[in-house]
Amino acid sequence: MNDPLEARQHAPATQRNQGPILQVLLQVLPPRGTILEVSSGTGEHAIFLAPRLRPRKWIPSDPDPDARASIAAWRKHCPTDNLYPPIALDARDPVWAVEQDELPEALQDIDFKHDPIVAIVNINMIHIAPWSACLGLMSRARQILPPGGILYLYGPFKQGGKHTAPSNAAFDERLQAQNPEWGVRDLDEVVAVAQAQSLSLVKTYVMPANNLSVIFQA
Ligand SMILES: C[S@@+](CC[C@H](N)C(=O)[O-])C[C@H]1O[C@@H](n2cnc3c(N)ncnc32)[C@H](O)[C@@H]1O
């Protein structure tokens, strides 16, 4: 019989960026409520961050079934009472699973009246997805977040139309060769889309390896 823990995937960068990401989240997240992570990938961020951000609750998600299997396996390996099972969520979905009257079974225990979604965390997605994923993220964040709610983005960004490091330019070329719809996004364009959805840029933080944390508020 297959060991379900075998589904665990490992992304080495998570070990390097999870500590710095935690430090920013501790500064910007509301003190309680539920955090929805969009594009959780392997689930390593979720199992590292959720227990360190109590009493907040954490919902991981990913559109990829293999990623969801990995998240579920990590969750089984490192049980954490405030970490929910992963849900299927594509940022381009016109309505996200957390918005529907009939919630996914994984979320039936959450009392959203007591613990509303107060933040959406999205790490390393908008450059490895079509631009429509960024548009969907902003549009749903506007609908889901209450006033004062936080949208947290992490990843590489161009600034003023220019790459901030040669390594980011090379990464951008590799991304576009893999899929012409992917690519390192320009921060100004991302901010413009956010502002069109009434999300204000609060702050950016310079992160290791030429990445940024970008904080928006509803
Ligand atoms: C580079 S991985 C990052 C995963 C994780 N956040 C991390 O930093 O290790 C990109 C993730 O984005 C997810 N993804 C791609 N397109 C997406 C979309 N339209 N909506 C939500 N997630 C998406 C992929 O399935 C993948 O798990």
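The structure this text deals with has already been given above.
Here's a quick rundown of the structure. (Residues numbered from 1 in each chain as written. Predicted model: local features only at pLDDT ≥ 70, side-chain atom pairs only at ≥ 80, totals over all residues. Heavy atoms only, no water.)

Remarks on the nonpolar core
And then number 1: Counting 37 residues, the largest nonpolar core has L36, W96, I120, M138, L151, L153 and F216 as the members making the most contacts within it.
And then number 2: Contributing elements (two or more residues each) for this core: strand 1 (34–38), strand 3 (117–123), helix 4 (131–144), strand 4 (150–155), helix 6 (187–196) and strand 8 (211–217).
And then number 3: Take this core: its biggest share by element is six residues, from helix 4.
And then number 4: When near neighbours in sequence (up to four residues on either side) are disregarded, F216 contacts M138, G149, I150, L151, L153, V190, V191, A194, L199, S200, L201 and V202.
And then number 5: Counting residues in each nonpolar core, the second largest holds 25 residues, with I21, L22, V24 and F48 among its members. (Core = buried A, V, L, I, M, F, W, Y, C linked by side-chain atoms within 4.5 Å. Buried < 20%, exposed > 50% of the residue type's maximum accessible area, 1.4 Å probe, protein only. Helix = DSSP H or I, 4+ residues; strand = E, 2+ residues; numbered from the N terminus. Contact = heavy atoms within 4.5 Å.)

Re helix 1 (residues 12–28)
And then number 1: Along its 17 residues, helix 1 runs 25 Å from first to last C-alpha, staying within 8% of the 24 Å computed at 1.5 Å per residue.
And then number 2: Bending of helix 1 peaks at approximately 40° at the position of Q18, with proline P20 no more than four residues after it.
And then number 3: Taken residue by residue, helix 1 has T14, N17, Q18, I21, L22, V24, L25 and V28 as its buried positions.
And then number 4: Residues of helix 1 that are buried sit in contact with helix 2 (44–52), strand 2 (57–59), strand 3, strand 4, strand 7 (200–207) and strand 8. (Expected span 1.5 Å × (residues − 1). Bend = angle between axes of the 7 residues up to and from the residue.)

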